[in-house]
Amino acid sequence: MTDAQDRAARERELEQLEEQLAQMRASGADTADLEARVQALREAVWRHPSPWQVVQAARHPQRPKLGDYLTRIFTDVVELHGDRLFGDDPAVFAGLARLDGEPVVVVGHHKGKDTRENVYRRWGMPNPEGYRKAARLFRLADKLGLPVVALVDTPAAYPGVEAEERGQAEAIARSIFTLVQLRSPVVVAITGEGGSGGALAIGVGDRVLMMQYAIYSVIPPEGCAAILWRDAARKEEAASALKLTAQDLLELGVVDEVVPEPLGGAHRDPDRAAAALHEALTRHLGEVRALPPEERIRCRYDKYRRMGRFSLRPAHAAAPSDDPRSADVR
Amino acid sequence: MTDAQDRAARERELEQLEEQLAQMRASGADTADLEARVQALREAVWRHPSPWQVVQAARHPQRPKLGDYLTRIFTDVVELHGDRLFGDDPAVFAGLARLDGEPVVVVGHHKGKDTRENVYRRWGMPNPEGYRKAARLFRLADKLGLPVVALVDTPAAYPGVEAEERGQAEAIARSIFTLVQLRSPVVVAITGEGGSGGALAIGVGDRVLMMQYAIYSVIPPEGCAAILWRDAARKEEAASALKLTAQDLLELGVVDEVVPEPLGGAHRDPDRAAAALHEALTRHLGEVRALPPEERIRCRYDKYRRMGRFSLRPAHAAAPSDDPRSADVR
Amino acid sequence: MLNWLRRPKYESVERRDIPAGLWAKCPRCAQLVYRKELERNLKVCPKCGYHHRLSGPERLRLLVDEGTFQEWDADLASEDPLGFPEYADRYRQAVQRTGRPEAVLCGRGRIDGVPAAVAVLDFDFLGGSMGSVVGEKVARTFERAVDLRLPVVTCSASGGARMQEGVLSLMQLAKTVAAVGRLHAAGLPFVSVLCDPTTGGVTASFAMLGDVHVAEPGALIGFAGARVIEQTIRQKLPEGFQTAEFLLRCGLVDLIVPRAELKATVARLLHLMGAGEVVG
Amino acid sequence: MLNWLRRPKYESVERRDIPAGLWAKCPRCAQLVYRKELERNLKVCPKCGYHHRLSGPERLRLLVDEGTFQEWDADLASEDPLGFPEYADRYRQAVQRTGRPEAVLCGRGRIDGVPAAVAVLDFDFLGGSMGSVVGEKVARTFERAVDLRLPVVTCSASGGARMQEGVLSLMQLAKTVAAVGRLHAAGLPFVSVLCDPTTGGVTASFAMLGDVHVAEPGALIGFAGARVIEQTIRQKLPEGFQTAEFLLRCGLVDLIVPRAELKATVARLLHLMGAGEVVG
Ligand SMILES: [Zn+2]
Ligand SMILES: [Zn+2]
């Protein structure tokens with residue numbers, strides 16, 4: 001039995017035990033023994049989860065969504081609508097709220113809780129209107145001097161004919177352009193799926209946090225496997241190759257902190273997940289808030305300026321440049 | 001016979017003579033006598049034209065349009081397309097060009113030369129995309145430090161369902177908002193019809209010039225007559241009441257200079273009309289260019305801030321306020 | 001505070017919207033409603049939720065905390081700059097009929113305790129049209145707000161620019177937009193409340209430049225008039241065209257708020273935009 | 001100047017687009033064209049006007065005055081940051097096959113005499129994909145342009161972000177957009193030339209933020225790939241979808257310029273945006 005098969009078998013066993021446990025609890029039976037077994041197995045399964053396991057956790061239907069965090073972390077939430085140009089995109093939330101009593105602008109991808117809502121919100125895949133609504137709120141934050149909190153959870157920008165017609169690429173580029181130049185503090189949290197440009201469009205900030213079992217990738221593992229091996233079924237290998245887990249991205253310098261989740265995923269204890277996210281948001285926002293705006297913009301520029309890894313071609317490397325950006329900087 | 005009837009009779013006579021003159025010229029006959037008669041009659045008819053006569057001149061099918069001025073006044077014209085959001089509006093021209101050798105941004109309403117082109121360009125009535133394209137070019141001028149020249153000639157913003165859906169009012173308001181805050185010099189010329197908000201959207205500048213037989217009105221005379229007297233046929237009275245001629249608007253402080261036209265209208269000698277407009281544009285642009293941007297923005301603010309006439313209500317006028325804006329300022 | 005503000009006259013509104021007597025007929029659901037009940041319900045039909053139009057003073061009473069309003073520039077009056085036919089008479093009649101000086105009420109006050117500069121357009125006065133005085137008073141409201149570090153709340157209800165002041169009315173679009181620019185540069189919040197109806201030049205100027213756009217349910221909001229559009233496209237307009245709900249779908253309005261919640265919502269928005277801290 | 005720049009190798013382009021021998025078959029009109037004639041015609045089909053793809057060096061030769069190009073950062077190379085399957089091999093092969101170091105050529109030169117900073121993406125090199133090196137070189141091009149007060153011209157031809165560098169490639173969108181912001185703040189012109197094909201992450205970053213967007217006729221320009229969209233909407237895409245002409249109608253492109261006029265048009269645009277005065 002391979003590692004992956006072994007892992008899969010244990011995951012199935014865990015699922016079965018969890019179901020059994022739920023039934024026993026419902027019937028009022030004594031569950032102490034079973035609970036201990038479940039906990040032990042859960043720890044075994046999740047101590048070193050495979051990247052594909054994390055992908056599944058990030059996409060888990062019960063995983064807390066924007067709305068779950070809004071109600072637990074923020075108070076006084078008022079959703080604002082519309083891009084003032086064409087429409088209002090239900091796949092993007094944008095509004096005003098309080099974080100620890102202080103007003104902030106909150107923007108995030110809006111997935112649904114059931115099929116009907118998912119259809120309405122396009123599974124959190126924005127159209128250009130969504131990004132333009134977000135950018136409008138970013139500019140409002142800038143005008144009023146309010147911090148921005150962005151919660152990222154999207155499979156991708158919506159791939160549709162009308163999205164292309166109305167400038168999906170322009171909307172994403174413009175939103176990033178707005179964020180990198182914003183005077184306001186910007187703290188981003190990848191809470192679920194960080195799907196490429198569709199995520200980055202609202203995911204550029206002074207600090208980027210990432211939930212423990214969230215993913216962030218330039219392409220979905222399935223798409224990667226289809227391109228690389230012409231076989232979407234090799235998605236597990238692709239998930240490993242893409243380095244899309246929070247720990248990977250922390251090591252690559254793309255995210256600043258990994259926010260811990262309950263073992264096995266935030267859906268097992270949304271309150272605890274939200275509390276951890278809340279603590280991290282508060283702490284990071286406090287830190288970036290302390291900087292003067294010009295300094296903050298400069299630091300944000302440098303942060304993204306440093307991202308990426310490259311080296312000097314050996315043939316030319318005899319005399320390394322004294323430009324600090326010329327070589328690998330991580 | 002009333003004044004108006006008398007005037008109409010003389011206009012008809014002038015038209016007939018002009019036609020006769022053209023035929024005689026074509027047949028090679030001696031036209032000296034007839035030319036003198038035509039010239040005398042033309043002077044009589046146009047020495048003190050009625051407002052309605054001016055309305056007709058402003059709407060004359062042969063009146064020079066944006067394209068006629070572009071070719072005569074500017075060089076090196078490059079039209080740019082699109083609002084980068086939704087579409088490209090053929091009712092608005094926007095581009096780069098040279099005025100007296102210096103680069104400028106040129107924006108203007110784009111009417112057609114024949115029915116087919118008029119349909120395509122919606123008779124110069126913009127959709128929101130047109131105003132958003134214009135505003136994009138205004139921001140480009142601001143970035144590059146280029147002056148803006150805006151040529152106004154539109155019956156109105158296009159009154160359509162889709163225009164409303166895509167925020168016609170927002171597009172107009174936003175374009176004005178962009179213009180009042182622009183660091184670049186902005187010189188506007190009303191060359192034909194200045195149709196209310198549809199004209200003002202690109203018609204706010206450091207200087208506003210107006211061709212002698214152009215009109216500028218908050219409502220078309222026909223619409224005014226329909227509202228006021230429930231009789232669109234009383235458009236001539238309405239044209240008088242609305243004070244929509246260049247001379248009226250100069251006296252009201254809305255325009256800064258009246259640009260002379262050939263007797264009877266620019267269409268009688270487009271070259272001469274363009275030369276006069278060119279001279280005025282050059283002169284005014286030179287003047288506003290000399291100011292530092294902050295000063296220019298302040299002056300532009302004050303210019304519009306002063307527009308309008310009002311007084312203190314007699315009951316309260318015993319102690320006039322010392323605020324200079326409290327009373328009529330013209 | 002002026003007398004007419006403390007004791008607003010409702011006659012004109014009532015004349016238009018409600019038949020005389022104890023009972024009023026709702027223009028939307030055609031049901032008869034007891035007039036006192038309609039008043040108690042903020043002129044919202046208890047049967048169908050139709051939001052009757054409010055006069056400027058009614059709107060002010062709805063929005064601003066009692067006893068906190070200080071009016072600005074009540075003494076500005078039009079001087080009929082074009083000598084426009086019938087304008088002087090109609091203007092005088094509007095003053096007499098409404099007991100108010102012009103189509104806008106401006107001043108400062110508190111909204112659920114939040115100090116704010118307020119401009120309320122009055123549809124009863126020549127259709128809430130914007131001429132020199134309305135433009136001037138609105139612009140001054142924004143300028144004073146900058147001086148006093150106050151947020152601005154406008155409530156629009158207007159047929160557009162005032163025809164009788166010709167192109168001078170049109171210039172009020174530029175004037176008010178320029179004043180909004182000053183508030184924007186000062187980083188102060190602007191909530192634009194769009195009431196029934198907001199059309200033409202008012203929509204195409206300050207009213208569409210709010211940081212947040214709040215509309216009343218069912219309010220007519222648009223640029224071009226329905227009749228002009230019908231003549232242009234030569235077909236019937238779609239159901240619900242130019243309503244607040246239509247504009248929400250088109251991305252032009254942030255929130256639709258029932259009248260009973262308007263004051264609390266505006267106050268909350270002002271707080272959330274950082275306005276609560278300012279002491280007025 | 002590097003050797004491969006003076007004597008560009010066309011093989012790879014020719015291998016893909018043109019059958020071996022003296023005659024080439026046009027992929028659009030299927031007619032046979034004499035290869036030398038096609039070369040003389042800037043690889044535009046003389047029968048139907050189809051614009052064959054150009055390699056990076058061909059594009060540079062088309063755009064930049066002979067003998068004026070000074071390359072920047074030719075020595076930057078990917079270091080396979082994820083240890084991604086097959087990447088190291090494919091990268092090495094791309095270097096060998098094209099004789100070029102990466103998927104972008106950056107430097108300064110003159111365009112019809114106008115000094116400019118130039119970045120040309122090379123579709124021959126791993127589909128012009130943007131990884132750490134492309135992002136870094138593009139960002140440096142904008143930064144150096146600010147230092148030297150030069151305008152920037154980019155020519156994009158790219159399948160998007162480079163999958164094999166994972167989310168580091170995605171971060172190049174933010175990096176390049178931030179660098180465009182610096183150029184913007186410096187008031188310097190940016191002409192973005194969109195060549196066939198420009199898709200994905202390159203379109204969604206610097207390429208869509210030009211002051212002026214120039215596209216080649218028929219060029220494919222878009223964000224999402226056609227196959228992904230077809231799978232999503234479950235129907236055929238409209239005729240001409242995501243072509244330059246489609247984007248012009250959608251308001252996303254300023255000008256469509258045939259290849260023969262590209263250089264003169266870009267130079268003219270730079271002049272008109274005030275770039276001519278800068279001495280390089
Ligand atoms: Zn009712
Ligand atoms: Zn061909």
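Quantities reported herein were computed from a predicted structural model and do not represent experimental measurements.

What counts as what
- Each chain carries its own residue numbering, running from 1 in the direction its sequence is written.
- Labels are handed out in written order, letters beginning with A for the chains and numbers beginning with 1 for the ligands.
- The predicted origin of the model limits local features to residues at a pLDDT of at least 70 and limits the giving and counting of side-chain atom pairs to 80 or more, whereas totals for whole chains, interfaces and linings rest on all residues.
- For side-chain calculations, the full set of non-hydrogen atoms in the structure is used, while hydrogens and water are omitted.
- Helix and strand assignments come from DSSP, with helices taken as H or I runs of at least 4 residues and strands as E runs of at least 2, each series counted from the N terminus.
- As a reference, a globule follows 2.2 Å times the number of residues to the power 0.38, and the radius of gyration itself is taken over C-alpha atoms.
- Think of it in three bands: with a 1.4 Å probe and only protein chains considered, a residue is buried below 20% of the maximum accessible area for its type, exposed above 50%, and partly exposed in between.
- It only takes one pair of heavy atoms within 4.5 Å for two residues to be counted as in contact.
- Nitrogen, oxygen and sulfur within 2.8 Å of a metal are treated as its donors, or within 3.2 Å for sodium, potassium and calcium (Na, K, Ca); water is not counted, so a site can appear incomplete.
- Only two sets of limits are used to name each site, 85 to 135 degrees for every angle of a tetrahedral four-donor site, and over 155 degrees for opposite donors with all other angles from 65 to 115 for a square planar four-donor or octahedral six-donor site, with any other site named irregular.
- Residues enter a patch when their relative accessible area is above 30% and they make no salt bridge; the linking distance is 9 Å between like charges and 5 Å between nonpolar side chains (Val, Leu, Ile, Met, Phe, Trp, Tyr).
- Using a 1.4 Å probe, accessible areas were evaluated by the Shrake-Rupley method; residue-level cover was limited to the displayed protein chains.
- Any carboxyl oxygen of Asp or Glu that lies within 4 Å of a side-chain nitrogen of Lys or Arg is treated as forming a salt bridge with it.
- Two strands qualify as a pair provided DSSP detects at least 2 bridges between them.
- Helix axes are fitted to C-alpha atoms over the stretch in contact, other axes to C-alpha atoms as well, and angles between N-to-C directions run from 0 to 180 degrees.
- Using a 1.4 Å probe, buried area is obtained as the accessible area two parts lose upon being combined, added over both of them.
- As used in this structure description, the phrase polar contact means that two N or O atoms lie within 3.5 Å; if the pair is within protein, one of them must be able to donate a hydrogen and the other to accept it, and residues adjacent in sequence are counted only when both atoms belong to side chains.
- Crossover handedness is defined by viewing with both strands directed away from the observer: a clockwise path from the first strand over the helix to the second marks the crossover as right-handed.
- Only buried Ala, Val, Leu, Ile, Met, Phe, Trp, Tyr and Cys residues count toward a nonpolar core, and they belong to the same one when joined by side-chain atoms within 4.5 Å.
- If an angle is under 35 degrees, it is roughly parallel; if it is over 145, roughly antiparallel; if it lies from 65 to 115, roughly perpendicular; otherwise it is oblique.
- Note on convention: the crossing is left-handed when the near helix lies turned anticlockwise from the far helix by less than a right angle, right-handed when the turn is clockwise.
- pLDDT is defined as a per-residue confidence score from the predictor, taking values between 0 and 100.
- Ring geometry is summarised as follows: Phe, Tyr and Trp rings, the Trp one being its six-membered ring, pair when their centres sit within 6.5 Å, and such pairs are stacked at plane angles under 30 degrees, edge-to-face over 60 and tilted between the two.
- Remark: a charge is flagged as sitting over a ring if the NZ atom of Lys or the CZ atom of Arg is within 6 Å of the ring centre and within 35 degrees of the ring normal.

Caption draft 1: Highlighting the overall build of chain C. When helices and strands are counted, chain C shows eleven helices and ten strands. At 18 Å, chain C has a C-alpha radius of gyration in line with the 19 Å of a compact globule built from 280 residues. Along the longest, intermediate and shortest principal axes, the C-alpha atoms of chain C span 50 × 40 × 40 Å. Sorting the 280 residues of chain C into buried and exposed places 64% on the buried side.

Caption draft 2: Focus on the overall build of chain A. A tally of regular secondary structure across chain A gives 14 helices and nine strands. Computed over the C-alpha atoms, the radius of gyration of chain A is 21 Å, within 12% of the 20 Å expected from 2.2 N^0.38 for a compact globule of 330 residues. Its C-alpha atoms put chain A at 60 × 60 × 45 Å along the principal axes. Sequence separation of at least 24 residues holds for 70% of the intrachain contacts in chain A that already meet a minimum separation of 6.

Caption draft 3: Layout of the coordination of the zinc ion (ligand 1). Residues and elements named next belong to chain C. Protein-derived coordination of the zinc ion (ligand 1) comes from Cys26 (SG), Cys29 (SG), Cys45 (SG) and Cys48 (SG), at a distance range of 2.3 to 2.4 Å. Because the angles between the four donor atoms bound to the zinc ion (ligand 1) fall within 105 to 112°, the donor set is best described as tetrahedral. By relative accessible area, Cys26 is classed as buried at 3%.

Caption draft 4: View of a nonpolar patch on the surface. Nonpolar side chains collect at one region of the surface, where D:Leu22, D:Trp23, D:Leu32 and D:Tyr34 lie side by side and expose about 430 Å² of accessible area between them. Mapped onto the elements of the fold, D:Tyr34 is located in strand β2 (residues 32-34).

Caption draft 5: Region of interest: the sheet that holds strand β3 (residues 70-72) of chain D. Residue and element names in this part refer to chain D. Ordered by their spatial adjacency, seven strands build an open sheet running β3-β5-β6-β7-β8-β9-β10, and the pairing between neighbours is mixed. Each end of this open sheet is capped by a strand with a single partner; those strands are β3 and β10 (255-256). Direction of pairing for strand β5 (residues 104-111) relative to strand β6 (residues 114-121): antiparallel, over a ladder of eight bridges. From the neighbouring strand, Val104 faces β6, where its bridge partner is Leu121. The strands touched by helix α6 (residues 132-148) within the sheet are β3, β5, β6, β7 (152-158) and β8 (190-198), with β5 carrying the most contacts at an inclination of about 25°.

Caption draft 6: Highlighting the pattern of salt bridges. For the coordinates displayed, the defined rule picks out 104 salt bridges over all chains. Two residues, A:Arg84 and C:Asp254, come together in a salt bridge whose shortest N-O distance is 2.5 Å. You can see A:Arg84 sitting in the loop between β1 (74-79) and β2 (92-99) and its partner C:Asp254 sitting in the loop between α10 (244-249) and β10 (255-256), one on each of two chains. Close ionic contact of C:Arg100 with C:Asp122 constitutes a salt bridge, the shortest N to O distance being 2.7 Å. Within this pair, whereas C:Arg100 is found in the loop between α5 (87-98) and β5 (104-111), its partner C:Asp122 is found in the loop between β6 (114-121) and α6 (132-148), the two being separated by 22 residues in sequence.

Caption draft 7: Region of the structure containing the coordination of the zinc ion (ligand 2). Residues and elements named next belong to chain D. The coordination sphere of the zinc ion (ligand 2) contains the protein donors Cys26 (SG), Cys29 (SG), Cys45 (SG) and Cys48 (SG), at a distance range of 2.2 to 2.4 Å. Considering all four donor atoms around the zinc ion (ligand 2), the spread of angles at the metal, 105 to 111°, places the coordination shape in the tetrahedral class. On the primary sequence, the residues serving as donors to the zinc ion (ligand 2) are separated as C-x2-C-x15-C-x2-C. Owing to a relative accessible area of 23%, Cys48 belongs among the partly exposed residues under this scheme.

Caption draft 8: Highlighting the interface of chain B and chain D. Counting residues at the interface gives 22 residues for chain B, matched by 23 residues for chain D. A combined buried area of about 1700 Å² lies between chain B and chain D, and 56% of that area is made up of carbon and sulfur atoms. In this structure, the salt-bridge partner of B:Asp76 is D:Arg268, at a minimum N-O distance of 2.7 Å. Connecting chain B to chain D are 14 residue pairs in polar contact (both at pLDDT 80 or more). Elements with a contribution of two residues or more to the side of chain B that touches chain D: β1 (74-79), β2 (92-99) and α6 (128-144) of chain B.

Caption draft 9: Molecular detail of the pairing of strand β8 (residues 190-198) of chain C. Residue and element names in this part refer to chain C. The element β8 is largely enclosed, with a buried count of nine among its nine residues. As defined by bridge partners, strand β7 (residues 152-158) adjoins β8 across six bridges and the pair is classed as parallel. Counterpart to Thr154 in the pairing with β8 is Ser192. With helix α7 (residues 166-185) bridging β7 and its parallel neighbour β8, the resulting β-α-β unit is right-handed. Alignment of β8 against strand β9 (residues 212-215), held across four bridges, turns out to be parallel. Among the inter-strand pairings, Val191 is bridged to a residue of β9, identified as Val212.

Caption draft 10: Representation of the nonpolar core in the model. Counting 191 residues, the largest nonpolar core has B:Phe74, B:Tyr216, B:Val254, B:Leu281 and D:Leu269 as the members making the most contacts within it. Apart from the residues lying within four places of it in its own chain, the contact partners of B:Tyr216 are B:Ile190, B:Gly194, B:Ala199, B:Leu200, B:Met210, B:Leu244, B:Leu249, B:Val254, C:Val167, C:Leu170 and C:Met171. A:Val152, A:Ala157, C:Val120 and D:Trp72 belong to the second-largest nonpolar core, a separate cluster that totals 190 residues.

Caption draft 11: Inspection of the packing of helix α4 (residues 66-73) of chain B against helix α13 (residues 270-289) of chain B at higher detail. All names here are of chain B. The interhelical angle for the contact between α4 and α13, taken along N-to-C directions, is 65°, at an axis separation of 10 Å. Considered as vectors, α4 and α13 are oriented roughly perpendicular to each other. In the crossing of α4 with α13, the sense of the turn from one axis to the other is right-handed. The residues of α13 that touch α4, namely those facing Tyr69, Arg72 and Ile73, are Pro270, Asp271, Ala273, Ala274, Leu277, His278 and Leu281.

Caption draft 12: Region of interest: the sheet that holds strand β3 (residues 70-72) of chain C. Residues and elements named next belong to chain C. Taking strand neighbours across the sheet as the criterion, the seven strands line up as β3-β5-β6-β7-β8-β9-β10 in an open arrangement whose pairing is mixed. Each edge of the open sheet is held by one strand with a lone partner, namely β3 and β10. Strand contacts of helix α4 (residues 56-63): β5, β6, β7 and β8, with the helix running at about 160° to β6, the strand carrying the most contacts. Across the sheet, helix α11 (residues 259-272) touches β5, β6, β7, β8, β9 and β10, and the angle it forms with β8 is around 150°.

Caption draft 13: Representation of the interface of chain C and chain B in the model. Listed as interface residues are 59 residues of chain C and, on the opposing side, 52 residues of chain B. Summed over both partners, the interface of chain C with chain B buries about 4800 Å², with 70% contributed by carbon and sulfur atoms. Summed over the shared surface of chain C and chain B, the number is two salt bridges. Applying the counting rule to chain C against chain B returns eleven residue pairs in polar contact (both at pLDDT 80 or more). Among the secondary structure elements, those contributing two or more residues to the side of chain C that touches chain B are β4 (76-78), α5, α6, α7 and α9 (226-233) of chain C. Ranked by residues supplied to the side of chain C that touches chain B, first place goes to α7(C) with 16 residues. Sheet topology note: the strand β9 (residues 310-312) of chain B/β4(C) ladder contains three bridges and is antiparallel. What sits directly across from B:Phe310, in β4(C), is C:Ser78.

Caption draft 14: Examining the pairing of strand β4 (residues 148-154) of chain B more closely. Residue and element names in this part refer to chain B. Burial within β4 is extensive, with seven of its seven residues counted as buried. The alternating pattern of β4 places Val148, Ala150, Val152 and Thr154 on one face and Val149, Leu151 and Asp153 on the opposite face, and all of these are buried. Where strand β3 (residues 102-109) and β4 come together, four bridges link them in parallel fashion. Bridge assignment links Val106 to a residue of β4, and that residue is Val149. Here six bridges tie β4 to strand β5 (residues 186-195), and the two strands are oriented parallel to one another. Following the sheet pairing, Val152 is matched in β5 by Ile190.

Caption draft 15: Inspection of the confidence of the model for chain C at higher detail. All names here are of chain C. Residue-level pLDDT values for chain C average 91, and 91% of them are 70 or greater. Ignoring residues within four places in sequence, the model shows residues 1-16, a span with pLDDT below 50, making 37 contacts including any to other chains. Confidence metrics for the complex model read pTM 0.93 and ipTM 0.93.

Caption draft 16: Just the confidence of the model for chain A, in detail. Of the residues in chain A, 94% reach a pLDDT of 70 or more, and the chain-wide mean stands at 92. This model gives residues 315-330 of chain A a pLDDT under 50, and the stretch forms 25 contacts once residues within four places in sequence are excluded.

Caption draft 17: Molecular detail of the packing of aromatic side chains. Tallying each qualifying case throughout the model produces 13 aromatic pairs over all chains. Judged by centre distance (5.5 Å) and plane angle (80°), the rings of C:Tyr91 and C:Phe125 are edge-to-face. Of the two residues, C:Tyr91 is situated in helix α5 and C:Phe125 in the loop between β6 and α6; the sequence distance between them amounts to 34 residues. As far as burial versus exposure is concerned, C:Tyr91 and C:Phe125 are alike and both buried. Note on D:Trp23 and D:Tyr34: the rings are 5.4 Å apart at their centroids and 55° apart in plane angle, and the pair reads as tilted. A residue pair is termed long-range when its members are at least 10 positions apart, and D:Trp23 in strand β1 (residues 23-25) and D:Tyr34 in strand β2 qualify at eleven residues. What makes D:Tyr34 partly exposed here is its relative accessible area of 33%. Here B:Arg122 stacks its cationic end above the ring of B:Tyr158, 5.5 Å away from the centre of that ring. Sitting over the face of the ring of B:Tyr301, C:Arg182 holds its NZ or CZ atom 3.5 Å from the ring centroid.

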